[in-house]
Amino acid sequence: MKTLLSTTFILTAGALSAQELQLYNWGDYTSPELIEKFEAETGIEVTLTDYDSNDTALAKVEAGGHGFDLVVPSANYIPIWREKGLIQEFDLSRLPSHDNIADEWVDVPFDPGRLYSIPWQIGATGIAVNSDAYEGDINTSAIFLDPPEELVGKLNVTPEMNDIMSLALWYVGGEPCTEDTEMLRAARDVLIAAKPAWQSMDYGMSEKLAANDTMASVYWNGAVFRAALENDKVQFGYPQEGFPLFMDSIALLSDAQNMNEAYTFLEFILQPENAALISQYARYANGIEGSEEFMDEVMKNSPMVNIPAEYAEAGEFLPTCSAESLSYYTAIWTELQK
Ligand code: N2P
């Protein structure tokens, strides 16, 4: 009897100690080395599920039954997740390293005091161009909105609605999140007219750019930098009509099932050496104090990570659009994807 009892106890304890964490993140954005290190140090097993846009992630979580604990929305989406009650306020007593968030990224308009989100990666949306295909000015949205002959049929547009709508609105002289129907109409017209020249509207571009399968793409600086490290013909342009800056931040889902594991992971990525692992993989800056010293030299010097001063002024963090402006965006986006 005694033996039987202790066996039962061991089995129960074993079952309870199977710790897991469900991370829902952008594709190709999570360092495998970070995950291996986390699993080895904590014994928590991480399951990673990918998405390709803010709207995909939001729709999936809103539908329920997803099982995810943590998600990584962009800054302009954090207020939307919050208003919908999909993410929960942190218990800061469980995040002793919350102070490691760099001062400039704490009191951000989308999450003052960082009560709901921790910086993941920071960057810019611009345009990758392979210089073998095209040698003209690449610091313009004309590359995808009025493509040069050389790039027709060879360029991709990433399916991130707010990025694409903002670039188009700036290009026609408007502003992101406008409710001005004339501006929206002009942006819609330029997008619809340009679309036949596009090869695709896909997300995963780093390898395709590196392999010359796609010669240009509206894309993000770090992901383009990854391609450029393999293929030195890949360049990155910062559209001077206006281009989005982004800051993707990790947040705790309201219906997270693995709370202890989620807090353990958040605390882990607040450590500068671990935040650096994310940047070394995804190739963007992050908002964790002191992480740069754990990064390699190419990260510190590349114009694809650090926006050159001459181009920086045209970059802007996207606001969160009003419901009215979003309904116009959605209508245009739906038409564009037909
Ligand atoms: C890169 C994902 C970048 C997301 N793979 C931009 N918000």
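Residues numbered from 1 in each chain as written. Predicted model: local features only at pLDDT ≥ 70, side-chain atom pairs only at ≥ 80, totals over all residues. Heavy atoms only, no water.

**Student:** Break down the site of the ligand for me, with residues and values.
**Tutor:** Taken together, the neighbourhood of the ligand is formed by W26, G27, Y29, S74, Y203, W220, F246, D248 and Y284. One nitrogen or oxygen atom from the side chain of Y203 is found 2.9 Å from a nitrogen atom belonging to the ligand. Between the ligand and D248, the relevant distance is 2.9 Å, taken from a nitrogen atom to a side-chain nitrogen or oxygen of the residue. Considered on its own, the ligand offers 260 Å² of accessible surface; in the complex 97% of this is hidden by protein. (Near = heavy atom within 4 Å. Polar contact = N/O pair within 3.5 Å; in protein donor to acceptor, adjacent residues only side chain to side chain. Areas by Shrake-Rupley, 256 points an atom, 1.4 Å probe, with all protein chains shown as cover.)

**Student:** Explain the packing of aromatic side chains to me, and be specific about the residues and the numbers.
**Tutor:** Aromatic ring pairs are reported here in terms of the distance separating the ring centres and the angle at which the planes meet. Using the criterion set out here, one finds 18 aromatic pairs in the structure. Arranged with centres 5.7 Å apart and planes meeting at 75°, the rings of W26 and W220 form a pair that is edge-to-face. Note that W26 is positioned in strand β1 (residues 20-26) and W220 in strand β9 (residues 216-220), a separation of 194 residues in sequence. Of the two residues examined, W26 and W220, each falls in the buried class. Taken together, a centroid distance of 5.7 Å and an interplanar angle of 90° make the contact between Y29 and Y284 edge-to-face. Placement of the pair is Y29 in the loop between β1 and α2 (32-42) and Y284 in the loop between α11 (272-282) and α12 (297-301), with a sequence separation of 255 residues. For Y29, a relative accessible area of 5% gives the class buried. Through a chain of ring-to-ring contacts, the aromatic side chains of Y24, W26, Y29, Y51, F68, W120, Y203, Y219, W220, F246 and Y284 assemble into a single cluster. Just above the ring of Y281 sits the side chain of R226; from NZ or CZ to the centre is 4.4 Å. (Phe/Tyr/Trp six-rings, centres within 6.5 Å; stacked < 30°, edge-to-face > 60°. Helix = DSSP H or I, 4+ residues; strand = E, 2+ residues; numbered from the N terminus. Buried < 20%, exposed > 50% of the residue type's maximum accessible area, 1.4 Å probe, protein only. Lys NZ or Arg CZ within 6 Å of the ring centre and 35° of its normal.)

**Student:** Hey, could you go over the pairing of strand β6 (residues 118-130) for me, with residue numbers and the actual values?
**Tutor:** For β6, a buried count of 13 out of 13 residues is recorded, marking the element as mostly surrounded by other parts of the structure. With four bridges connecting them, β6 and strand β10 (residues 234-237) associate as antiparallel partners. Bridging from a neighbouring strand, A128 pairs with F236 of β10. (Pairing = 2+ DSSP bridges.)

**Student:** Break down the domain arrangement of the protein chain for me, with residues and values.
**Tutor:** With domains assigned, the protein chain is organised as domain 1 (8-122 + 246-300) and domain 2 (123-245 + 306-337). Taken over C-alpha atoms, the centre of domain 1 sits 27 Å from the centre of domain 2. With 24 residues of domain 1 in contact, the opposing surface of domain 2 contributes 23 residues. Summing the contributions of domain 1 and of domain 2, the shared interface buries around 1,900 Å²; its carbon and sulfur component is 54%. The largest per-residue losses of area from domain 1 upon contact with domain 2 belong to N76, F246 and R283, which jointly make up 33% of the total buried on that side. The interface formed by domain 1 and domain 2 holds one salt bridge in total. D28 is paired through a salt bridge with R226; the nearest N and O atoms lie 3.7 Å apart. Taken together, domain 1 and domain 2 are joined by nine residue pairs in polar contact (both at pLDDT 80 or more). (Domains from an automatic or database assignment. Contact = heavy atoms within 4.5 Å. Buried area = accessible area lost by both parts, 1.4 Å probe. Salt bridge = Lys/Arg side-chain N within 4 Å of Asp/Glu carboxyl O.)

**Student:** Report on the packing of helix α6 (residues 161-171) against helix α7 (residues 181-194), specifying residues and quantitative values.
**Tutor:** Packing of α6 against α7 brings their axes to within 9 Å, and their N-to-C directions diverge by 105°. Accordingly, the angle class assigned to the pair α6 and α7 is roughly perpendicular. Here I164, M165, A168, L169 and Y171 of α6 come into contact with α7, specifically with M183, L184, A187, V190 and L191. Residues of the contact of α6 with α7, tallied by class, amount to 10 nonpolar, no polar and no charged. (Axes fitted to C-alpha atoms, helices over the stretch in contact; angles between N-to-C directions. Parallel < 35°, antiparallel > 145°, perpendicular 65-115°, else oblique. Nonpolar A, V, L, I, M, F, W, Y, C, P; charged D, E, K, R; others polar.)

**Student:** Outline the nonpolar core, listing residues and values.
**Tutor:** Core analysis: the biggest nonpolar cluster contains 114 residues, and W81, I118, F144, L191, W198, I250 and F265 have the highest contact counts within it. Residue contributions to this core reach at least three from each of two domains, namely domain 1 (8-122 + 246-300) and domain 2 (123-245 + 306-337). Once residues within four sequence positions are removed from consideration, W81 is found in contact with A57, L58, V61, V71, P73, L86, I87 and L253. (Core = buried A, V, L, I, M, F, W, Y, C linked by side-chain atoms within 4.5 Å.)

**Student:** Any details on the confidence of the model for the protein chain? Residues and values, ideally.
**Tutor:** Averaged over all residues, the pLDDT of the protein chain equals 95, while 95% of them reach at least 70. Segment residues 1-15 is flagged for pLDDT under 50; beyond a separation of four residues in sequence, or across chains, it makes zero contacts in the model. (pLDDT = per-residue confidence, 0-100.)

**Student:** Explain helix α10 (residues 259-269) residue by residue, including any values.
**Tutor:** In an α-helix, one turn spans 3.6 residues, which is why side chains three or four residues apart end up on the same side. Of all 11 residues making up α10, eight are buried, and the element is well covered by its neighbours. Regarding α10, the residues found buried are E261, A262, Y263, F265, L266, E267, F268 and I269. Packing partners of the buried residues in α10 comprise β1, α2, β3 (70-71), β6, β11 (243-252) and α11.

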